[in-house]
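Spelled out from the first residue to the last, the chains are:
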Amino acid sequence: MPSLEGTTRVDIWIWSVRLVKTRTQAGDACRGGHVRLNGERVKPARGVRPGDEVRIRQDGYERVVVVTKVITKRVGAELAAECYLDNSPPRPERPPMIAVRDRGTGRPTKRDRRAIERLRER
């Protein structure tokens with residue numbers, strides 16, 4: 001059996017370095033097949049070592065990071081950024097959102113008007 005020294009669970013690591021917001025989301029991403037370690041799908045308990053490549057798919061975008069340091073506790077953003085090298089491709093630009101109302105729906109309510117104004121500010 002290989003030594004587990006210098007390793008940690010993949011779900012804990014991706015949560016610790018702030019690739020996901022919660023540990024539950026990290027485990028769900030692993031179980032859902034959205035996390036790959038060195039090219040293969042992994043379960044949440046799989047060990048991560050320095051030099052491993054972790055790919056995590058979120059919102060139609062894939063983050064590709066190489067582990068440089070193994071941590072088990074969630075740390076601040078500056079320290080977390082030192083624990084991996086980000087090799088992710090640039091995010092695709094979002095298409096502009098267009099505020100469209102159905103014809104004949106009448107005058108927009110105050111809530112609708114504020115939502116339209118928020119869209120126009122982006």
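Remember, it's a predicted structure, so these values are computed and weren't measured experimentally.

Student: In this structure, what is going on with the sheet that holds strand E6 (residues 61-67)? I would like to understand it.
Tutor: Backbone hydrogen bonds hold the strands of a sheet together, and the pairing may be parallel or antiparallel. Strand order across the open sheet formed by five strands is E3-E2-E5-E6-E7, with antiparallel pairing between neighbours. This sheet does not close on itself; its edge strands, each paired only once, are strand E3 (40-41) and strand E7 (84-86). Direction of pairing for strand E2 (residues 35-37) relative to strand E5 (residues 53-58): antiparallel, over a ladder of three bridges. The residue bridging arginine 36 from the neighbouring strand is arginine 55, located in E5.

Student: Looking at this structure, I do not really get helix H2 (residues 23-31). What am I missing?
Tutor: Since the α-helix packs 3.6 residues into each turn, any two residues three or four apart lie on the same face. The complete set of buried residues in H2 reads Ala26, Gly27, Ala29 and Cys30. Down the axis of H2, the buried set is contained in an arc of 160°. They therefore lie on one face. The outward face of H2, more than 90 degrees from its buried face, is lined by the exposed residues Thr24 and Arg31. Among the structural elements, helix H1 (10-16), E2 and E5 are those in contact with the buried residues of H2. Positive backbone phi, approximately 85°, marks glycine 33, located one or two places after H2.

Student: Looking at this structure, I do not really get the pattern of salt bridges. What am I missing?
Tutor: Side-chain pairing between opposite charges can occur once the charged atoms of the two side chains come close. This model, assessed by the stated rule, comprises eight salt bridges. Taking the shortest distance from any N to any O, the salt bridge between aspartate 28 and arginine 31 comes out at 3.0 Å. Remark: arginine 31 and aspartate 28 occur in helix H2; sequence separation between them is three residues, near one turn of the helix. A residue is classified by how much of its surface remains accessible, and arginine 31, at 57% relative accessible area, is exposed. Several salt bridges converge on common partners, so that one network encompasses Arg9, Asp11 and Arg23.

Definitions and limits used
- Residues numbered from 1 in each chain as written.
- Predicted model: local features only at pLDDT ≥ 70, side-chain atom pairs only at ≥ 80, totals over all residues.
- Heavy atoms only, no water.
- Pairing = 2+ DSSP bridges.
- Helix = DSSP H or I, 4+ residues; strand = E, 2+ residues; numbered from the N terminus.
- Buried < 20%, exposed > 50% of the residue type's maximum accessible area, 1.4 Å probe, protein only.
- Arc of directions from axis to C-beta.
- Contact = heavy atoms within 4.5 Å.
- Salt bridge = Lys/Arg side-chain N within 4 Å of Asp/Glu carboxyl O.

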